Each structure stands twice: as C-alpha cells, then as structure tokens.
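# Coordinates in review
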Amino acid sequence: MIIHELHYAATNTYLIEGERGRLLFDTGWAGTYEAFCRAMGELRIPVQSIDYIVISHFHPDHMGIAQEIADRGAVIAAADVQRAYIHAADGVFAKDAKVHFQPIDDAKIRWITPGESREFLAELGIDGEIIVTPGHSEDSISLALDDGSLFVGDLNPLYELELHEGTTIAESWSKLLARKPRTVYYGHAKTAVLREEEQGIGDGNQNPGVTCNGNTAAKTTANQQLSPTDRYILVAAIMKGIDKGWDIAKIRKKTGADEGFIEDVMRMYLTHQNIGVQGILDRIEIKNK
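Report follows, based on the coordinates.

What counts as what
Residues numbered from 1 in each chain as written. Predicted model: local features only at pLDDT ≥ 70, side-chain atom pairs only at ≥ 80, totals over all residues. Heavy atoms only, no water. Salt bridge = Lys/Arg side-chain N within 4 Å of Asp/Glu carboxyl O. Helix = DSSP H or I, 4+ residues; strand = E, 2+ residues; numbered from the N terminus. Buried < 20%, exposed > 50% of the residue type's maximum accessible area, 1.4 Å probe, protein only. Core = buried A, V, L, I, M, F, W, Y, C linked by side-chain atoms within 4.5 Å. Pairing = 2+ DSSP bridges. Axes fitted to C-alpha atoms, helices over the stretch in contact; angles between N-to-C directions. Contact = heavy atoms within 4.5 Å.

Further remarks concern the pattern of salt bridges. Following the criterion strictly, the structure yields nine salt bridges and no others. As a salt-bridge pair, Glu123 and Arg110 come within 2.8 Å of each other at their nearest N and O atoms. In this pair, Glu123 is assigned in the loop between α5 (117-122) and β7 (128-132) and Arg110 in strand β6 (residues 110-112), connecting sequence segments 13 residues apart. When its relative accessible area of 37% is taken as the criterion, Glu123 is described as partly exposed. Across the pair Glu263 and Lys190 runs a salt bridge whose closest N-O atoms are separated by 3.5 Å. Here Lys190 lies in the loop between β10 (183-186) and β11 (192-193) and Glu263 lies in helix α10 (residues 259-271), a separation of 73 residues in the sequence. A residue is classified by how much of its surface remains accessible, and Glu263, at 23% relative accessible area, is partly exposed.

Below, the structure written as structure tokens:
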C-alpha cells in the first residue's frame, strides 16, 4: 500500500493506493480542481484511475471538488451517518458566483455503514475500517488502517486533548487511539508520527487528556517572541488573509509572518468553528509547550 500526500490547496488530501484500487480521502475547496489535476500529474497518476472518494465531513473545504473528480470515473462513498449533510455546503458556494462548484449527485453515491467498511476497503486491497468520529462536526468520520495509518480530517489534534477532556472530541480520540495508531494524517496540520508512549493513549493505561504532539519539539520562531499585543495583531491579520483566500506565500508577503506560524493559524482557524484570535493564541501556546 502507498499513501500519497497531496498539498495542492489549504486542505490536505490523501491518495491511498491499495493492491486492487485507489481511494482519495478528502478533496479541496471548489475552484481547486485544476491544481488537483496538476498534483496528480506530478505523481503520474491519472485522475480517471481513482476508484473511490471518501470525505471526512461535508464542509466546503473538504468536498468542494468531489463531484468534478467523480465525473471522471470515481465513485463517492459516504457513510450512512453523513446522509443528511451531503449538501450542507452547497449554500456557501452559491454565494460566490466566481467559483465553479458542481453539487454532488446523490443518485451515484455508494452508501456504506461503518460495519460494512472493512469489506468495502478490501475491494481495493486496503485493510482497515471507517470509524464515526464526531466532534469537529456531527458527520465526521475517520479512516483507520491496520498498518497504523489514521486519517482524521478536522478532528482536533492530539496536542489539544487537554482542552477537550470529557467531550465528544475526547471520546472520538479514545476510539481511534485504542487501535494503536502510528501515523496521523490531518486535514490542516502536518502529518504526525506518534511516539510509542502516545500510541497507548486511550487503551485505559494512560490519561487520554495528556498533551501530545506527535512531532518533534516545536521550533521557536521569531513570531513567538513578539509581545502579546503584536502577536494578537499578527494573528488577526493572518485570519483576514485566509478569509480573502490568500495562500501561505501571499500571507507571508503581506504580514511578514513565519511560514510555520501561518500554517498553525490557518489550521486552527479552518478546523475550529467560530474561533477568535485569543482562542488561536491559546492553542498555539499549548502546541508549543
């Protein structure tokens, strides 16, 4: 099995090659189809060779080009718990006439239950299952593979668990960590390779509320040395840039912020509904402890 990380848009997407087929986990915002095709071209893999698309949750930045890809031959496979959310983001795209958006064709969706997911994935030569993991949204699912690979979409990252003790988010992570994952693939954060002690969290032997990053110790950046007021102003400016659709390079040029700092703000802004500047700063502090 081969996992390709695609970074053509603000959302990380993943192409998983099994022994008998290919599965795409998540897609980008509407308007990113050409960039997606270029990313696939760099891999020398035809878009038409994708067999199935699985979407972690139906927010606009994760399903925006799903139907465009499906029109080239792939089938959208959705969990039955996602049925009521398939068109939740259609209204968002309807407000922007400049962005081309192709709504998902319900008639062509393959509906599966979590209990059927192992058999479904086996058709592609992929060993694993789909697990319902609400927290970021009610329709959120994760893909847990038997080799320890874990695809979680926008489920709040491990290093934030202490903020969510006793919540649905913690319950979802407990289910996932009971599988002893080795690598976590996020929708808006860098892939995390878990340390051995982190792999045991959630099995009843350790406190599921501990802070975990999964990456090497965070590097101190110039932005982290700013005064609290200046950091607040910088985060607010980055958020405005994200709202305008700027990519990391343009935000960096406009604000002077470090790329890593921009990535942190962008991930937290895109994965936490209605979060404010101070909420982002609090989470950055926790991440860098």
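What follows deals with the nonpolar core. Ranked by internal contacts, the top residues of the largest apolar core, which has 30 residues, are Phe36, Ile69 and Ile104. Formed by 19 residues, the second largest nonpolar core is a distinct cluster that contains Ile112, Leu124, Ile141 and Phe151.

Pairing within the open sheet is mixed, and its six strands lie in the order β1-β2-β3-β4-β5-β6. Of all the strands in the sheet, just β1 (2-6) and β6 have a single pairing partner and so form its edges. Ignoring strand direction, the axes of neighbouring strands in this sheet form an average angle of 25°. Strand direction decides the pairing type here: strand β3 (residues 22-25) and strand β4 (residues 52-54), joined by three bridges, are parallel. Across the sheet, the residue bridging to Phe25 is Val54, located in β4. Most of the contacts of helix α1 (residues 33-43) go to β1, to which it runs at about 140°, and overall it touches β1, β2 (13-17) and β3.

Here we have five strands laid out as an open sheet, ordered β7-β8-β9-β10-β11, and mixed in their pairing. Two strands lie at the open edges of the sheet, namely β7 and β11, each paired on one side alone. Sheet topology note: the strand β8 (residues 141-145)/strand β9 (residues 149-153) ladder contains two bridges and is antiparallel. Across the sheet, Ala144 pairs through a bridge with Leu150, a residue of β9. Helix α6 (residues 168-177) rests against β7, β8, β9 and β10 of the sheet, and its axis sits at about 160° to β9.

By themselves these figures say nothing about function.
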